[in-house]
Amino acid sequence: MDATTLSITLSAILAVICIPCGLFLGLVPMKADLVTAKQSKASQMVSSIVAIVFIGLLVAGHDLETWAMVIGLVIGFAVAKIPALHAWALHKWPFFEPKKMAPCLLYTSDAADEE
């Protein structure tokens, strides 16, 4: 197997692996105040692993493989942001549901007058 075939094979494998990573990152809530502690830890772990592999390939001069990773992540993220698919995934996997916000009490002038 020559270097070109190996490079193309590795690029295809990395792209296929990065699509679920992009899906995962796309399903986690984007606003920091809606992310649960488990979601935060999991997304940090996935992001760290992807970044380490990406930087390693970039430093090693494997441009095709790094582009395959970027394309896989973007495709996965874009698919996860399709509204119908996003709603289905939130229903199917409760892990991705946003954190429940506590009801906020608003201060009104009527409440101050009653005191």
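About the cut-offs
Residues numbered from 1 in each chain as written. Predicted model: local features only at pLDDT ≥ 70, side-chain atom pairs only at ≥ 80, totals over all residues. Heavy atoms only, no water. Helix = DSSP H or I, 4+ residues; strand = E, 2+ residues; numbered from the N terminus. Buried < 20%, exposed > 50% of the residue type's maximum accessible area, 1.4 Å probe, protein only. Contact = heavy atoms within 4.5 Å. Areas by Shrake-Rupley, 256 points an atom, 1.4 Å probe, with all protein chains shown as cover. Expected span 1.5 Å × (residues − 1). Arc of directions from axis to C-beta. Phe/Tyr/Trp six-rings, centres within 6.5 Å; stacked < 30°, edge-to-face > 60°. Core = buried A, V, L, I, M, F, W, Y, C linked by side-chain atoms within 4.5 Å. Polar contact = N/O pair within 3.5 Å; in protein donor to acceptor, adjacent residues only side chain to side chain. Axes fitted to C-alpha atoms, helices over the stretch in contact; angles between N-to-C directions. Parallel < 35°, antiparallel > 145°, perpendicular 65-115°, else oblique. Left-handed = near helix turned anticlockwise from the far one by under 90°.

Chemist: Which parts of the structure should I look at to understand the overall build of the protein?
Modeler: If you tally the helices and strands in the protein, you get five helices and zero strands. For the protein, the succession of helices and strands along the chain, N to C, is α-α-α-α-α. Across the 115 residues that make up the protein, the buried fraction comes to 26%. Taking all contacts inside the protein whose residues are at least 6 apart in sequence as the whole, residues at least 24 apart take part in 71%. As displayed, the protein offers around 8,200 Å² of accessible surface, 73% of which is attributable to carbon and sulfur atoms.

Chemist: Even after reading the chapter, I still don't get helix H3 (residues 63-80), so can you show me in this structure?
Modeler: A turn of α-helix holds 3.6 residues, and therefore any two residues three or four places apart point the same way. Here H3 contains 18 residues, and its C-alpha end-to-end distance of 26 Å stays within 8% of the 26 Å for a straight helix at 1.5 Å per residue. Within the sequence span of H3, burial applies to Glu 65, Thr 66, Ala 68, Met 69, Gly 72, Gly 76 and Ala 80. All buried residues of H3 fall inside an arc of 155 degrees around its axis, so they share one side. In H3, the exposed residues that point more than 90 degrees away from the buried face are Trp 67 and Val 74. Buried residues along H3 sit in contact with helix H1 (3-27), helix H2 (37-59) and helix H4 (83-92).

Chemist: Would you mind going over the packing of aromatic side chains with me for this structure?
Modeler: Pairs of aromatic rings are described using the distance from one ring centre to the other and the angle between the two planes. What the rule picks out here adds up to five aromatic pairs. Where Phe 24 meets Phe 96, the ring centres are 5.5 Å apart and the plane angle is 65 degrees; that geometry is what we call edge-to-face. Of this pair, Phe 24 sits in helix H1 while Phe 96 sits in the loop between H4 and helix H5 (109-114), and the two are 72 residues apart along the sequence. By relative accessible area, Phe 24 is classed as buried at 17%. By relative accessible area, which is 9% here, Phe 96 ends up buried. Arranged with centres 5.3 Å apart and planes meeting at 80 degrees, the rings of Phe 95 and Phe 96 form a pair that is edge-to-face. Every member of this aromatic cluster is reached through a ring pair, and the members are Phe 24, Trp 88, Trp 93, Phe 95 and Phe 96.

Chemist: Even after reading the chapter, I still don't get the nonpolar core, so can you show me in this structure?
Modeler: Generally speaking, a soluble globular protein has its nonpolar side chains buried in company with each other. Among the nonpolar cores identified, the biggest contains 16 residues, and Phe 24, Leu 27, Val 28, Val 46, Val 50, Met 69 and Phe 96 are the most heavily contacted of them. Contributing elements (two or more residues each) for this core: H1, H2, H3 and H4. With five residues, the single largest contributor to this core is H1. Those residues in contact with Val 46, other than ones at most four positions away along the chain, are Cys 21, Phe 24 and Leu 25.

Chemist: Is there a simple way to explain the side chain of Ser 43 in this structure?
Modeler: Within the secondary structure, Ser 43 sits in helix H2. Side-chain polar atoms of Ser 43 contact the backbone oxygen of Ser 40, separated by 3.1 Å.

Chemist: Would you mind showing me how to read the packing of H1 against H3 here?
Modeler: A pair of packed helices is captured by two measures, namely the crossing angle of their axes and the spacing between those axes. Running from N to C, H1 and H3 point in directions that differ by 30 degrees, and their axes come no closer than 6 Å. Between H1 and H3, the angle is such that the two are roughly parallel. In this structure, H1 meets H3 at a crossing whose hand is right-handed.

Purely spatial values, then, with no claim about function.
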